[in-house]
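Overview (structure and organization)
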Amino acid sequence: MDIGNRLPPDLLEFSQRIPSFAWNLIIIASAILIGLITKFIITKLFRIYAQRKETDYSILRSIIVNLGPAVAYFIPLFLFNLLSPLLRMNKLYYQPLDKTIEILLTISFAGLLVRSVRILEDYIYHTYDLNKVDNLKERKVRTQIQFIRKIIVVTIIFLTIAIILLSFESMRKIGTGLLTGVGIGGIIVGFAAQSSLGNLLAGFQIAFTQPIRIDDVLVVEGEWGRVEEITLTYVVLKIWDERRLILPINYFIQKPFQNWTRTSADILGTVFLYMDHTVPIDAIREEFERLIIKSSLWDKRVKVVQVTDVREHTIEIRVLMSASTSSNAFDLRCYIRENLITFIQKNFPGSLPRSRNELSNLGELEKYIQPATGA
């Protein structure tokens, strides 16, 4: 290739003194060497941050962690793309090499864009931290940013594929020929992908109307758990016993479910006691007041003891209490239930549920009982 217009006079004179093979090797080695130096610097920075073990957010650390691997490949490819016109190579071999570098550079740049989105996501995650008692706003923002990130990443991937394909002349000709069939093809694809498109639209609806959010507490299909992940097509619910319930995202548009943290994490918990009619209600109420006041799980909003039902053999006592989160409410209910049962067992054992047969007028009954006779 003609490099006369691309090099300074001194460098041009030097390049003409050495063989083409050696000159090409110098160009390639320069790009690789710069790439290795860049990768070494990034790896060194990784190790420094690993040794420091910082827990606080750092924008510099986020940039290094997210962009480091992508930059390590992008810089040598970018330099090689700049230097490739200086190669002294037959056009028959140069054009495939140049096209390959162009495609790899496009893919590498797409990787940089994807990792850049992660930097923005890290910043938003730091700003809207979930480690709060009242984290409703944080869960709203995180749900939206997760869905938006997935849409942006998918868009970048599709655009990258389109740019690579359109860089080939033959592909552009095929695309022009297929334009006449786009209408019919769109209808066919629409019917074939009806379920996927439905999930995608449901994802948009959930991201912005937010019937569910990241870390929401749900009861779905009889299972209690927290929303762990929302993707473009499904939702992952982390069950209390560490199982995962996977549901299609349009399930939450089409079917009813319980959301315990829709507007607030505050929740009421109940404990039901079934006691004999002779149980002293005031004593139970006093013990409940003593127990709940000294518990750190109670949020000091609601504490009530009421007899809510009377049955043939027992009465139903409802103990109502409030907590700041569903997890605290569960632990508080267990604490109150255990201690009230212990209190009743120790102080009023006769008030526990029992079945009784009362015999009155025993003298009248004895007349009907025949004395046993010996053999």
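Source: prediction; values computed, not measured.

Once that is clear, we can look at helix H3 (residues 59-83). The principal kink in H3, of about 50°, is found at Leu67, preceding the proline Pro69 by one to four residues. Residues of H3 that are buried: Arg61, Ser62, Ile64, Asn66, Leu67, Gly68, Ala70, Ala72, Phe74, Pro76, Leu77 and Phe80.

Moving on: the sheet that holds strand E5 (residues 258-259). Think of a sheet as strands paired side by side through backbone hydrogen bonds, with each pair either parallel or antiparallel. Read from one edge of the open sheet, 5 strands run E4-E3-E2-E1-E5, paired in antiparallel fashion. Strand pairing shows two members of the sheet lacking a second neighbour, strand E4 (244-248) and E5, which therefore form its edges. Judged from the 5 bridges that link them, strand E3 (residues 234-239) and E4 form a sheet pairing that is antiparallel. Paired with Leu237 across the strands is Leu245, a residue of E4.

Read across the open sheet, the 3 strands follow the order E6-E8-E7; overall the sheet is antiparallel. Of all strands in the sheet, those with a lone pairing partner are strand E6 (267-275) and strand E7 (298-310), marking the two edges. Strand-to-strand twist of the sheet, defined as the mean angle between neighbouring strand axes without regard to direction, takes the value 20°. Sheet topology note: the E7/strand E8 (residues 315-323) ladder contains 8 bridges and is antiparallel. Within E8, the residue paired with Val304 across the bridge is Leu320. Here helix H10 (residues 281-293) sits on the sheet and contacts E7 and E8; the angle it forms with E7, its principal contact strand, is near 160°. Contacts between helix H11 (residues 326-347) and the sheet are confined to E6, E7 and E8, with E6 contributing the most and set at about 20° to the helix.

Right, let's talk about the packing of H10 against H11 for a bit. Two quantities define a packed helix pair, namely the angle between the axes and the distance from one axis to the other. At their nearest, the axes of H10 and H11 sit 10 Å apart, and the two run at 135° to each other. Between H10 and H11, the angle falls in the class oblique. For the pair H10 and H11, the sense of crossing is right-handed. Listed contacts from H11 to Ala283, Ile284, Glu287, Phe288, Leu291 and Ile292 of H10 are Tyr335, Ile336, Asn339, Leu340, Phe343 and Ile344. In terms of residue class, the contact of H10 with H11 is built from 10 nonpolar, 1 polar and 1 charged.

By rolling a water-sized probe across the atoms, one finds the places where empty space is left. Volume-wise, the largest pocket comes out at about 290 Å³. Trp224, Trp260, Ser326, Phe330 and Arg333 are the residues nearest the centre of the largest pocket, which is lined by 13 residues in total. Elements with a minimum of two residues in the lining of the largest pocket: E6 and H11. For the lining of the largest pocket, the leading source of residues is H11, giving 6 residues. Considering only residue class, the lining of the largest pocket consists of 7 nonpolar, 4 polar and 2 charged. The computed volume of the second largest pocket comes to approximately 170 Å³.

Parts of the model with low pLDDT should not have their predicted coordinates read in detail. Mean pLDDT over the protein stands at 76; residues scoring 70 or higher make up 73%. Every residue in residues 1-5 is under pLDDT 50, and counting partners more than four places away or in other chains gives 12 contacts.

To continue, consider the side chain of Thr314. Within the fold, Thr314 resides in the loop between E7 and E8. For Thr314, a relative accessible area of 15% corresponds to the buried category. Those residues in contact with Thr314, other than ones at most four positions away along the chain, are Tyr274, Met275, His277 and Pro353.

On to H10, then. Between its terminal C-alpha atoms H10 stretches 18 Å, which fits the 18 Å expected from 13 residues at 1.5 Å a residue. Along H10, the positions that sit buried rather than exposed are Ala283, Ile284, Glu287, Phe288, Leu291 and Ile292. Buried residues along H10 cover an arc of 155° about the axis, so they all sit on one side. Projecting away from the buried face of H10 at angles above 90 degrees are the exposed residues Asp282, Glu286 and Ile293. Looking at the buried positions of H10, the neighbouring elements they touch are E7, E8 and H11.

With that settled, consider the packing of aromatic side chains. Note on aromatic pairs: each is described by the distance of the centres and the angle between the planes. Summed over all chains, the structure comprises 5 aromatic pairs. Both rings, one in Phe252 and one in Phe257, keep their centres 5.1 Å apart while their planes meet at 85°; by these two values the pair is edge-to-face. Of the residues examined, Phe252 reaches a relative accessible area of 5% and is grouped as buried. Looking at Phe257, the relative accessible area reads 23%, which means it is partly exposed. Taking 5.9 Å as the distance between ring centres and 70° as the angle between the ring planes, the aromatic pair formed by Phe343 and Phe348 counts as edge-to-face. Taken together, Tyr251, Phe252 and Phe257 form an aromatic cluster joined through their ring pairs.

Reading the values: rules and limits
- Residues numbered from 1 in each chain as written.
- Predicted model: local features only at pLDDT ≥ 70, side-chain atom pairs only at ≥ 80, totals over all residues.
- Heavy atoms only, no water.
- Bend = angle between axes of the 7 residues up to and from the residue.
- Helix = DSSP H or I, 4+ residues; strand = E, 2+ residues; numbered from the N terminus.
- Buried < 20%, exposed > 50% of the residue type's maximum accessible area, 1.4 Å probe, protein only.
- Pairing = 2+ DSSP bridges.
- Axes fitted to C-alpha atoms, helices over the stretch in contact; angles between N-to-C directions.
- Contact = heavy atoms within 4.5 Å.
- Parallel < 35°, antiparallel > 145°, perpendicular 65-115°, else oblique.
- Left-handed = near helix turned anticlockwise from the far one by under 90°.
- Nonpolar A, V, L, I, M, F, W, Y, C, P; charged D, E, K, R; others polar.
- 1 Å grid on protein atoms, 1.4 Å probe; cavity = no way out; pocket = protein on both sides within 12 Å on 5 of 7 lines; lining within 4 Å.
- Points joined across faces, edges and corners; volume = space filled by probe spheres on them.
- pLDDT = per-residue confidence, 0-100.
- Expected span 1.5 Å × (residues − 1).
- Arc of directions from axis to C-beta.
- Phe/Tyr/Trp six-rings, centres within 6.5 Å; stacked < 30°, edge-to-face > 60°.

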